[in-house]
Amino acid sequence: MRHIKYTEQAFFKFLTGFACYSVIGILCLIISIIFIKGVGSLSWEMISQAPKGGYYYGGDGGVLNAILGSLYVAGGAVLIAIVLGAPAALFINSFLFRYKRLQNIIRYFLDALWGIPSIVYGAFGFTIMLYFGMNASLLAGIITVACLITPIMIRSFDEVLSTIPTGLHEAALSLGSTRTELAFKVIFKQGLPGFVTAILLAFGRGIGDAASVLFTAGYTDQLPSGLHEPAATLPLAIFFQLSSPIPEVRGRAYSAAAILTCIILAITLISRLLVNKYSKNNLK
Amino acid sequence: MGRFRYSYNFITGKWMLVTLAVILCLPVIIGISLGIRSADLLHDNGLIDLLFSSAWAPSKGEFGFLPFILSSLYVTIIAFVLAAPVCLLAAMYITQFSKPRMMKIMYPVADVMAGIPSVIYGMWGIIVIIPFVRDVLAPLFNVHTTGYSILSGGIVLAVMCIPYMLNMLIESFKTVPQGLRESALALGATHWQMVKHVVVRKSFPGILSAFGLGITKAFGETLAVMMVVGNVVQFSLNPFDPAYPLPALIANNFGEMMSIPMYDSALMFAALILLVVILIINLFFRYFIYRSKKIR
């Protein structure tokens, strides 16, 4: 009887450890394969030039159009998300900080919003485009991606703000500050690292998302020139080039994927570092 | 000065309220606008017909979503069956058996995995999973396949929903009070018995909701699945056959949807199905988490 319980424990300890390390292994496998495949055709030309004539048959050029387009779409969407998201998150934590129940209900709905898949946002963006008679353009892409990332941004900002002790709120209010001053001068300052993390997180989601820009931002070989022009995005560039039968074009898809992975890795690691570094200075 | 401060407070306060209201109304707005778009189709074909007919011929005006819905469900179930045990065991190891250092490693790992775009998972699926299914798994079962199959889609999806499930499982295991665990150990239970009888039971609602939310994540995933699942309108129980999940249907046909009458309406209806199903499942499982927060 004694033996069985210890053998069982040893077995499951091994099994759980195996599961955990296999998750790490899968991530390493994914990243290493992307870089091994991508390094082959990675060159300065890839990053610095737009596609030239015959690019899709193995001609010269790079994916600068897609890199710039992705940065514009994600950057614009993050701007909108800041204007909409930051006040909303501050509102939950400054005006409503006495109403815990209401706060939790709002968080509950925001979390549910976070689960809506990006293709639905894409379809929604498309219906809006039809309604206003717009064509696929940078602007439509930005609006759609903004809808996608605003809930993410609010929730991750709010997550940090909610850890601020209520004593701080009460101290500020008792000194005669208005609720707005409480929100922007006290809570915002305390939650600044969380704000930066939320921006980075939202930016990462925006730059990597393909399904929502598929309908709305369109695709073009030109560098993005205006809000009403269509713009290429990096995930779509990878997607389209992967379906090509020509190995050189597929090779470029791999290296574009390596570029995208680098961007995502950098964003994720920077935001982690920021959290670790600045959370020490904050009131707990 | 004083008056300015209060009017400023009033205006910004109202602005903050408006932004929050807009965000909270977003799913309703999305639902209504998709609903208006798909009203034509609903009017012509009827809801029951659309959901339970398997005739798909847009040029003849036949829109049966059954094969797509079943494909979506099948891929999702395979992904869930593959991912759930791994996540559960890994979360147990991280929170119960390993040193605290492991947690510091796993958070960035889950972050990066969640951050990698779906198109890259799809590419990885094409490079790794498809040859694996075609050359290794298929011969084992004596089937012939191109590799673009339900099983490949399921495997890629499983990898994609690991970080979400893992994160939520770790969170719910961490909330088990230390005292409960210690009293189990003091009564002579081994570490594993403690995990099995105390930790799992105590965080059961958390586990359920983590699984539920993982499923919705898999159900709505588009690009990665579309790249490996083969996209053939059919449904068979053989996991080595290709299929055509709902999100892939929307993403694949956006180019030609304006050329065939009612086609755009049908695609928007597909998006509406996704939205409604996922919102309902999400609200249902989030409720467990919400409840556990209220008690605390």
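The model shown is predicted, which means the values in this text are computed figures rather than measured ones.

Pulling in residues and values, what's your account of the overall build of chain B?
In terms of helices and strands, chain B carries twelve helices and two strands. Oriented by its inertia axes, the alpha-carbon framework of chain B measures out at about 75 × 70 × 35 Å. Across the 296 residues in chain B, those meeting the buried criterion constitute 54%. Counting only carbon and sulfur atoms, one obtains 68% of the accessible surface of chain B, whose full area is about 13,000 Å². In chain B, 20 side chains carry a positive charge and 12 a negative one; their mean positions are 24 Å apart.

Please provide a residue-by-residue account of the domain arrangement of chain B, values included.
Residues and elements named next belong to chain B. For chain B, the domain assignment lists domain 1 (2-39) and domain 2 (67-295). Using only C-alpha atoms to locate each centre, domain 1 and domain 2 end up separated by 33 Å. Between domain 1 and domain 2, the contact holds eight residues from the first and eight residues from the second. Both faces considered, domain 1 and domain 2 share a buried interface measuring about 600 Å² in area, 74% of it formed by carbon and sulfur atoms.

Let's hear about the side chain of Arg286 of chain B: which residues, and what values?
Mapped onto the secondary structure, Arg286 of chain B falls in helix H12 (residues 263-295). Arg286 of chain B sits in the buried class, given a relative accessible area of 9%. The contact partners of Arg286 of chain B, leaving out residues within four places of it in the chain, are Tyr108, Asp111, Ala112 and Trp114 of chain A together with Leu213 of chain B.

How would you summarise the interface of chain A and chain B if you had to cite specific residues and measurements?
Facing 85 residues of chain A, the contacting portion of chain B comprises 82 residues. Of the charged contacts in the structure, one is a salt bridge between Asp111 of chain B and Arg272 of chain A, with a shortest N-O distance of 2.8 Å. Counting residues per element, the side of chain A that touches chain B draws most heavily on helix H1 (residues 2-39) of chain A, which supplies 23 residues. Its residues placed into classes, the side of chain A that touches chain B shows 58 nonpolar, 16 polar and eleven charged.

Tell me about the state of the cysteines, and please be specific about residues and values.
Throughout the structure, instances matching the rule amount to zero disulfides over all chains. This cysteine, Cys20 of chain A, is not joined by any disulfide, and Cys87 of chain B carries the nearest cysteine sulfur, 11 Å off.

Residue-level account of the environment of Glu171 of chain B, with values.
By secondary structure assignment, the location of Glu171 of chain B is in helix H6 (residues 150-174). Considering only alpha carbons, one finds Glu171 of chain B and Ala210 of chain B, 39 residues apart in sequence, at a separation of 9.6 Å.

So what's going on with the nonpolar core? Residues and values would help.
Counting 192 residues, the largest nonpolar core has Ile238 of chain A together with Phe65, Met106, Tyr121, Leu246 and Leu249 of chain B as its most contacted members. Per-element tally for this core: the top contributor is H6 of chain B, with 17 residues. Not counting chain neighbours up to four residues away, the residues in contact with Ile238 of chain A comprise Ala253, Ala256, Ala257 and Leu260 of chain A together with Val119 and Met123 of chain B.

Provide a residue-level description of unusual backbone geometry, including the pertinent values.
Residues and elements named next belong to chain B. One non-glycine residue, Asn142, lies in the positive phi region at around 60 degrees. Among the secondary structure elements, Asn142 is positioned in the loop between helix H5 (118-140) and H6. With a relative accessible area of 72%, Asn142 lands in the exposed category. Although it is not a glycine, Asn231 sits at a positive phi angle of roughly 55 degrees. Relative to the helices and strands, Asn231 is located in the loop between helix H10 (223-228) and helix H11 (246-252).

Any details on the packing of aromatic side chains? Residues and values, ideally.
This model, assessed by the stated rule, comprises 22 aromatic pairs over all chains. Plain terms: the ring middles of Phe11 of chain A and Phe12 of chain A are 5.2 Å apart, the flat faces sit at 75 degrees to each other, and that makes the pair edge-to-face. Ring geometry for Phe157 of chain A and Phe195 of chain A: centres 5.1 Å apart, planes at 50 degrees, overall tilted. You can see Phe157 of chain A sitting in helix H6 (residues 138-161) and its partner Phe195 of chain A sitting in helix H9 (residues 192-208), a full 38 residues away along the chain. For Phe157 of chain A, a relative accessible area of 0% translates into the label buried. Aromatic rings pair up to connect Phe65, Phe68, Tyr244 and Phe269 of chain B into one cluster. Seen from the ring of Trp114 of chain A, Lys217 of chain B lies directly overhead, with NZ or CZ sitting 4.6 Å from the centre.

Before we move on, can you summarise the environment of Gly61 of chain A with the specific residues and values?
Tracing the backbone through its elements, the reader meets Gly61 of chain A in the loop between helix H2 (44-48) and helix H3 (64-94). As for Gly61 of chain A and Pro51 of chain A, which are separated by ten residues in sequence, their C-alpha atoms are 4.3 Å apart.

Would you mind going over helix H4 (residues 100-115) of chain B in detail, with residue names and values included?
Compared with the 22 Å implied by 1.5 Å per residue over 16 residues, the 24 Å span of H4 of chain B between its first and last C-alpha is a close match. If you check which residues of H4 of chain B are buried, you get Met102, Met103, Met106, Tyr107, Val109, Ala110, Val112 and Met113 of chain B.

Describe the packing of H3 of chain A against H9 of chain A, with residues and values.
Residues and elements named next belong to chain A. Between H3 and H9, whose axes approach to 9 Å, the crossing angle comes to 140 degrees. In terms of axis orientation, H3 runs oblique to H9. Regarding H3 and H9, the two cross each other, and that crossing is right-handed. Residue-level contacts link Ser70, Leu71, Ala74, Gly75, Val78, Ile82 and Ala86 of H3 to Phe195, Ile199, Ala202, Phe203, Gly206 and Ile207 of H9.

Tell me about the packing of helix H7 (residues 178-186) of chain B against helix H8 (residues 191-202) of chain B, residues and numbers included.
Geometry of a packed helix pair, given as the angle between the helix axes and the separation of the axes. All names here are of chain B. Close contact between H7 and H8 brings their axes to 9 Å; oriented N to C, the two are set at 145 degrees. The chirality of how H7 crosses H8 is right-handed. Of the residues in H8, those touching H7 at Leu180, Arg181, Ala184 and Leu185 are His191, Met194, Val198, Val199 and Lys202. Considering only residue class, the contact of H7 with H8 consists of six nonpolar, one polar and two charged.

Account for the domain arrangement of chain A, naming residues and giving values.
Many descriptions give the size of an interface as the accessible area lost when the pieces come together. Residues and elements named next belong to chain A. The assigned domain composition of chain A is domain 1 (2-39) and domain 2 (46-278). Between domain 1 and domain 2, the C-alpha centre-to-centre distance is 32 Å. Each side of the interface is counted separately: domain 1 has five residues, and domain 2 has seven residues. Here domain 1 meets domain 2 over a buried area of about 510 Å², counting both sides, of which 84% is carbon and sulfur. If you look at where domain 1 meets domain 2, you find zero salt bridges. At the surface where domain 1 touches domain 2, the tally comes to zero residue pairs in polar contact (both at pLDDT 80 or more). For the side of domain 1 that touches domain 2, the residue count by class is three nonpolar, one polar and one charged.

Conventions we followed
Residues numbered from 1 in each chain as written. Chains lettered and ligands numbered in written order. Predicted model: local features only at pLDDT ≥ 70, side-chain atom pairs only at ≥ 80, totals over all residues. Heavy atoms only, no water. Helix = DSSP H or I, 4+ residues; strand = E, 2+ residues; numbered from the N terminus. Buried < 20%, exposed > 50% of the residue type's maximum accessible area, 1.4 Å probe, protein only. Areas by Shrake-Rupley, 256 points an atom, 1.4 Å probe, with all protein chains shown as cover. Lys, Arg positive; Asp, Glu negative; His and termini not counted. Charge placed at Lys NZ, Arg CZ, Asp CG, Glu CD. Domains from an automatic or database assignment. Contact = heavy atoms within 4.5 Å. Buried area = accessible area lost by both parts, 1.4 Å probe. Salt bridge = Lys/Arg side-chain N within 4 Å of Asp/Glu carboxyl O. Nonpolar A, V, L, I, M, F, W, Y, C, P; charged D, E, K, R; others polar. Disulfide = S-S within 2.5 Å. Core = buried A, V, L, I, M, F, W, Y, C linked by side-chain atoms within 4.5 Å. Phe/Tyr/Trp six-rings, centres within 6.5 Å; stacked < 30°, edge-to-face > 60°. Lys NZ or Arg CZ within 6 Å of the ring centre and 35° of its normal. Expected span 1.5 Å × (residues − 1). Axes fitted to C-alpha atoms, helices over the stretch in contact; angles between N-to-C directions. Parallel < 35°, antiparallel > 145°, perpendicular 65-115°, else oblique. Left-handed = near helix turned anticlockwise from the far one by under 90°. Polar contact = N/O pair within 3.5 Å; in protein donor to acceptor, adjacent residues only side chain to side chain.

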